[in-house]
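# Residue-level structural notes
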Amino acid sequence: MDALIAPAASFFLIFILFNLVVALFVVSKRKLKSQNLFTTSSESKDLERAALQTPPGPTPVPVLGNLHQLAKYEENPYAGFTELSKSYGSVFKLQMGAYPCIIVSELDDIMEVLIKKGQHFDGRPNFMRWNAYFDGDRQLSLALCDWSDIQKTRRNVVRPHLMLKHDAHKNELFSCLESEMHYLIDEIDRTKGKGVMAKLPISYCAMNVFLTYMCSTRFDYSDSDFTNLTKCFDLIFEDINNGHPTDFLPWLSPFYASYRNKINDLASTIRKFILEKIIRDRADNFDGNNINDLVDSLLANHLNQDGKLNLDWQIILFALEDLLGGSSAISNVVMRILALICQNPGTQEKLQKEIDDVLGSNRFPTAEDRSKMTYSEAVIMEALRHTSSPIVPHVANEDTSIKNFFVEKGSVVLINNYEINMSSSLWDNPKEFIPERFIVKGQIKKPVHFMPFSTGKRSCIGSRIFMNVAFFTIVSLLQRFNISLPEGAKIKIPQGRIALEGDGFPVIFTQRT
Ligand code: HEM
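Being a predicted model, the structure only gives us computed values, none of them experimental.

### With respect to the overall build of the chain
- Looking only at helices and strands, the chain has 18 helices and eleven strands in total.
- If one aligns the C-alpha atoms of the chain with their principal axes, the spans along those axes are about 115 × 55 × 55 Å.
- The 513 residues of the chain split such that 39% are buried.
- In the chain, 73% of the contacts between residues at least 6 apart in sequence involve partners at least 24 apart.

Structure representation (structure tokens):
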């Protein structure tokens, strides 16, 4: 019996020992994986943090950090980021004055910031002037605020109008475009082949399209309050695009009192116009059973009847302001497209052939025509690629990581959109203007790395409205006019921003015969 028990017992013992070893192995692996089963969550965070590396980057100097290293790239700091990434890699750190900044240049890492960890990176920097644009509180802005429930609500309220998912919205926009385009064409007609600073009438047209579509009102191009409103929006837009020393060196702000006053004046002129000439009357006569435009949708979300989060007056006013300001993006990019058409021989002829084939000499385009006019669409996309406008900076709202690099809470994350638009590893001949690169087998094809409007929870909500308004404007102008730039005219079209300087440059429009 003992002879039987002994091997059975030893087998049992070996079995137990084996299981113990396996159990210990599994536990230790799990320990490694989840940091430590017996540590507290803050200890495990410490361990997680310890596994991450500090992002590489040039050594900062006191006060300025690394700002001085970007000085020679003043025209386009993103070109500077591309240069620095050759030494420090696709994710690197710069101390920009008061702010630690992480520069991200490669698609996978960009997607980690915007999509995979979108909720870690949904804040915006607290720049002094961003507050100044919005009465001292950038949280009132749609584009420059941090993420919040209010932001979610107001984005949801305005999105259907802007994203044009319903045919009713699309048809309404095209009808607004058609009626406004007559005014622009008349305006251009009057120039009789002389060079004209076309940005002005184009900006009045874009603003009126927005006002008609969003607010069911328009103003005459001879109304000086209206033209002044458009100018104020354009100046603020240019200011946003350009950046300012106080963004990263806020202690400089006492030296910029007159600049601050200028911003305050522009912002309050805009606000007064919107309040007095658009919102007040609409609010007084608001009928909740009749929701016809974006202003109605905003007003319908004002009253707090069921205890849910609603939008207060300020929020409504500023949301509208932010969206009307989008018309400045349109006039500036339309001007860029006109310049690129003139500067790239053959483009105008190809565009006009497509327009003549699909629309003939007179008919305005419909929403359906757009899908057939691939070359026109591709010209706009190629112009956006050349513009390489920056993605609005994001901010990490908690300690987090990109790739295997630690990113501390409060870091500003700058996505290098210039690099993904201009890299020779992503595009053939990136410096050339080749609209055909976006056409594959007769259809428009956007590569995943082409994201002029960004992606994720803070992505642009004006992208569709932009594409439609730009398309309609370019097509309608080239249908009727040949365009050229005055001989010898110096035309400055900087990359890495949308805004052109001041009123832009002259364009010559001659009637097509
Ligand atoms: C060429 C034209 C335009 C370009 C290239 C553009 C691009 C962008 C980009 C890159 C962002 C930042 C996305 C991010 O932070 O991840 C943005 C945000 C935004 N855009 Fe545009 N945009 C254009 C036109 C417009 C227009 C016409 C409107 C308004 C109708 C508009 C409204 C907005 C708003 C409200 C945001 C902020 C969204 C948020 O932070 O939640 N944009 N845009």
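### Describing the site of the ligand
- Not every one of the 26 residues close to the ligand is listed here, only the nearest: A143, G326, S454, C460 and G462.
- Mapped onto the shell around the ligand, the elements with two or more residues apiece are helix 6 (149-163), helix 13 (313-343) and helix 18 (463-480).
- Of the residues that constitute the shell around the ligand, the class distribution is 17 nonpolar, six polar and three charged.

### Some words on the pairing of strand 11 (residues 506-511)
- With two bridges joining them, strand 3 (residues 196-197) and strand 11 adopt antiparallel strand pairing. The residue of strand 11 that forms the bridge with M197 is P506.
- Relative to strand 11, strand 10 (residues 481-484) runs antiparallel, the two sharing four bridges. Bridge pairing in strand 11 links S484 to I508.

### Some words on the packing of helix 6 against helix 13
- Where helix 6 contacts helix 13, the axes come no closer than 12 Å and their chain directions differ by 55°. Judged by the angle between their axes, helix 6 and helix 13 are oblique. As for the relative orientation of helix 6 and helix 13, their crossing is right-handed in sense. The segment helix 6 lies against helix 13, with I150, R154 and V158 engaging I315, A319 and L323.
- Considered class by class, the residues forming the contact of helix 6 with helix 13 number five nonpolar, no polar and one charged.

### Considerations on the sheet that holds strand 10
- Pairing in this open sheet of three strands is antiparallel, and the strands run 3-11-10 from one edge to the other. Two strands in the sheet have a free side with no partner beyond their single neighbour: strand 3 and strand 10.

### Examining unusual backbone geometry
- Of note in the backbone geometry, S388 takes a positive phi value of approximately 45° without being a glycine.
- By secondary structure assignment, the location of S388 is in the loop between helix 16 (374-387) and strand 4 (394-395).

### Things to note about the UniProt feature "binding site: heme" (unreviewed entry) in the chain
- Residues given the UniProt feature "binding site: heme" (unreviewed entry) here are C460.
- As for its position among the elements, C460 is in the loop between strand 9 (443-444) and helix 18.
- Judged by the 19 C-beta atoms lying within 10 Å of it, C460 falls in the partly exposed class.
- Residues within four places of C460 in sequence aside, it is in contact with F453 and S454.

### Re the nonpolar core
- Residues A319, L320, V334, I337, V469, A470 and I474 are the most contacted members of the largest nonpolar core, which totals 92 residues.
- The element that contributes the greatest number of residues to this core is helix 13, accounting for 17 residues.
- Filtering out sequence-adjacent residues up to four positions away, V469 remains in contact with L177, A206, V209 and I330.
- In this structure, L84, I103, V412 and M422 belong to the second largest nonpolar core, which totals 28 residues.

### Observations regarding the sheet that holds strand 7 (residues 412-415)
- One open sheet holds the four strands; their spatial order is 1-2-7-4, and the pairing between them is mixed. The open sheet terminates on both sides in strands that have one partner only, identified here as strand 1 (91-96) and strand 4.
- As judged from the six bridges shared by strand 1 and strand 2 (residues 99-104), these two strands associate in the antiparallel manner. When the bridges of strand 2 are listed, K93 appears paired with I102.
- Sheet contacts for helix 3 (residues 77-88): strand 1, strand 2 and strand 7; angle to strand 1, the most-contacted strand, approximately 120°.

### Quick word on the packing of helix 8 (residues 199-215) against helix 13
- Closest axis-to-axis distance for the helix 8/helix 13 pair is 8 Å, and the angle between their directions is 145°. Our pair here, helix 8 against helix 13, has a crossing hand that is right-handed. Facing helix 8, whose interface residues are K199, I202, S203, A206, M207, F210 and M214, helix 13 presents L323, L324, G326, S327, S328, I330, S331, V334 and M335.

Reading guide: rules and limits
Residues numbered from 1 in each chain as written. Predicted model: local features only at pLDDT ≥ 70, side-chain atom pairs only at ≥ 80, totals over all residues. Helix = DSSP H or I, 4+ residues; strand = E, 2+ residues; numbered from the N terminus. Buried ≥ 20, exposed ≤ 12 C-beta atoms within 10 Å, placed from the backbone. Contact = placed C-beta atoms within 7 Å. Near = placed C-beta within 6 Å. Nonpolar A, V, L, I, M, F, W, Y, C, P; charged D, E, K, R; others polar. Pairing = 2+ DSSP bridges. Axes fitted to C-alpha atoms, helices over the stretch in contact; angles between N-to-C directions. Parallel < 35°, antiparallel > 145°, perpendicular 65-115°, else oblique. Left-handed = near helix turned anticlockwise from the far one by under 90°. UniProt positions renumbered as here; feature names shortened; annotations may be inferred. Core = buried A, V, L, I, M, F, W, Y, C linked by C-beta atoms within 7 Å.

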